[in-house]
Amino acid sequence: IPVFPFARTAVLALVFAAAPAQAAWFYVGSDGGCQFTSVQAALNAADTGGPHEIRIARNAIYNAQALSVQFSGTSTITIRGGYADCNATTASGASTALSGTGGAAAPVLRLVVPAGKTVKLDRLTFMNGDPAGNNPGGGIHFTGGGTLEITNSAIINNTAGNGGGIFADGEGHPPGGRLVIGENVFINNNTARASGGGVFVAGMEMTMLEDRSAIASNTANVATNTDVGYGGGVFVRSRAGRPGIVRIGSASVGNSGAVY
């Protein structure tokens, strides 16, 4: 059966339209194999196509971090530390530390994840974030209707108004926002001036069901004014008519509880 030119063109157009976006890797570090020396620059570059992965080497010092990004074009993005350098193909050893020390009074990482999008954080340490006053989210400030997954990471020594370690809020976004605390995640020694020393969850779902994860030694209600705060470990509430839901089933570490 002959194929007419217009039919062949239509078929090719359909093939090109259906072609999936190509995955890419964005390397951050201080050696010659790195595309970026700045984590923020890599975040800005990764919001097209996808799924993408940002790989952050341990051969640089990442202080004064006040990272901020709103992902819109990428369906799934993984931000992974633990690489010895930008030529390494496998993450191994210690995590990569992202610190707010010496920078703006802000969360270490502020991100908006729209509905249908997923951001995965792996082998990272978020530390010393310090937004001023009642501003929320010391280590991580997460809003949106999408999913944030954290594995093999630590959120330590951060301070904020609400959510010293992590602030997760679904208000103003489509329902369905989720914070997923996976395996080997430690949310320790964070402070809320009001509520949610470790984690503050509002109008979305949080799960912590995998092994070897714990929310430990966090503190709430340390403000010098008369405000009342709650939830040294976890504070959960509804927001704009949406329920806040927390499911905890981690085996934790040793004889301690998942939240203590």
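1. A look at the overall build of the protein
Thought 1: Check the secondary structure of the protein and you find 2 helices and 21 strands.
Thought 2: For 260 residues, the compact-globule estimate of 2.2 N^0.38 gives 18 Å, and the protein sits close to it at 20 Å.
Thought 3: Along the longest, intermediate and shortest principal axes, the C-alpha atoms of the protein span 80 × 45 × 35 Å.
Thought 4: For the protein, with 260 residues in total, the buried portion stands at 45%.
Thought 5: Partitioning the contacts of the protein with sequence separation of at least 6, the portion at a separation of at least 24 is 81%.
Thought 6: For the protein, the accessible area works out to roughly 11,500 Å², and carbon and sulfur atoms hold 54% of it.
Thought 7: Looking at the protein, you have 15 positive and 14 negative side-chain charges, and the mean spots of the two groups are 5 Å apart.

2. Considering the packing of aromatic side chains
Thought 1: The full count for this structure, using the stated rule, is 3 aromatic pairs.
Thought 2: Taking the centre distance of 6.3 Å and the plane angle of 35° together, the rings of Phe26 and Phe36 count as tilted. Within this pair, whereas Phe26 is found in strand S1 (residues 24–28), its partner Phe36 is found in the loop between S1 and helix H2 (39–45), the two being separated by 10 residues in sequence. For the residue pair Phe26 and Phe36, the accessibility class agrees, reading buried in each case.

3. Re the nonpolar core
Thought 1: Judged by nonpolar contacts, the single largest core of 42 residues is most densely connected at Ile54, Leu121, Ile140, Ile150 and Leu179.
Thought 2: It is H2 that provides the largest number of residues to this core, a total of 3 residues.
Thought 3: With residues up to four places along the chain from it excluded, the contact list for Ile140 reads Leu109, Leu111, Leu121, Phe126, Leu148, Ile150, Ile155, Gly165, Ile166 and Phe167.

4. Topic: the state of the cysteines
Throughout this description, disulfide means a covalent bond between two cysteine sulfur atoms.
Thought 1: One pass over the full model with this rule turns up 1 disulfide.
Thought 2: The disulfide partner of Cys34 is Cys86, and the gap between their sulfur atoms is 2.0 Å. Here the S-S torsion is close to 95°, and the disulfide linking Cys34 with Cys86 is therefore right-handed. Of this pair, Cys34 sits in the loop between S1 and H2 while Cys86 sits in the loop between strand S4 (76–83) and strand S5 (96–99), and the two are 52 residues apart along the sequence.

5. Some points on the environment of Gln70
Thought 1: Turning to its location among the elements, Gln70 is positioned in strand S3 (residues 67–70).
Thought 2: Taking relative accessible area as the criterion, Gln70 reaches 54% and is therefore assigned exposed.

6. Concerning the side chain of Asn158
Thought 1: Among the secondary structure elements, Asn158 is positioned in the loop between strand S11 (153–156) and strand S12 (159–160).
Thought 2: Here the side chain of Asn158 touches Phe126 through a polar contact of 3.1 Å, landing on its backbone oxygen.
Thought 3: At a separation of 3.0 Å, a polar atom in the side chain of Asn158 contacts the main-chain amide nitrogen of Asn128.

7. Thoughts on the sheet that holds strand S9 (residues 140–143)
Thought 1: The sheet built from 6 strands is open, its strands ordered S3-S6-S9-S13-S17-S20 with parallel pairing. Two strands bound the open sheet, and with one partner strand each, they are S3 and strand S20 (234–237). The sheet shows a mean angle of 5° between the axes of neighbouring strands, direction not considered.
Thought 2: The pairing of S3 with strand S6 (residues 109–112) spans 4 bridges and is classified as parallel.

8. What to know about unusual backbone geometry
Thought 1: At Ala64, a residue that is not glycine, the phi angle is positive and equals roughly 55°.
Thought 2: By the element assignment, Ala64 lies in the loop between strand S2 (52–57) and S3.

9. Describing the sheet that holds strand S21 (residues 245–248)
Thought 1: The strand order S1-S2-S4-S7-S10-S14-S18-S21 describes an open sheet built from 8 strands, whose pairing is parallel. Each having just a single partner strand, S1 and S21 make up the two edges of the open sheet. When the angles between neighbouring strand axes are averaged without regard to direction, this sheet yields 10°.
Thought 2: Judged from the 5 bridges that link them, strand S7 (residues 118–122) and strand S10 (residues 147–151) form a sheet pairing that is parallel. Each bridged residue has a counterpart across the sheet, and for Val119 the counterpart in S10 is Leu148.

The rules behind these values
- Residues numbered from 1 in each chain as written.
- Predicted model: local features only at pLDDT ≥ 70, side-chain atom pairs only at ≥ 80, totals over all residues.
- Heavy atoms only, no water.
- Helix = DSSP H or I, 4+ residues; strand = E, 2+ residues; numbered from the N terminus.
- Rg over C-alpha atoms; globule rule 2.2 N^0.38 Å.
- Buried < 20%, exposed > 50% of the residue type's maximum accessible area, 1.4 Å probe, protein only.
- Contact = heavy atoms within 4.5 Å.
- Areas by Shrake-Rupley, 256 points an atom, 1.4 Å probe, with all protein chains shown as cover.
- Lys, Arg positive; Asp, Glu negative; His and termini not counted.
- Charge placed at Lys NZ, Arg CZ, Asp CG, Glu CD.
- Phe/Tyr/Trp six-rings, centres within 6.5 Å; stacked < 30°, edge-to-face > 60°.
- Core = buried A, V, L, I, M, F, W, Y, C linked by side-chain atoms within 4.5 Å.
- Disulfide = S-S within 2.5 Å.
- Polar contact = N/O pair within 3.5 Å; in protein donor to acceptor, adjacent residues only side chain to side chain.
- Pairing = 2+ DSSP bridges.
- Axes fitted to C-alpha atoms, helices over the stretch in contact; angles between N-to-C directions.

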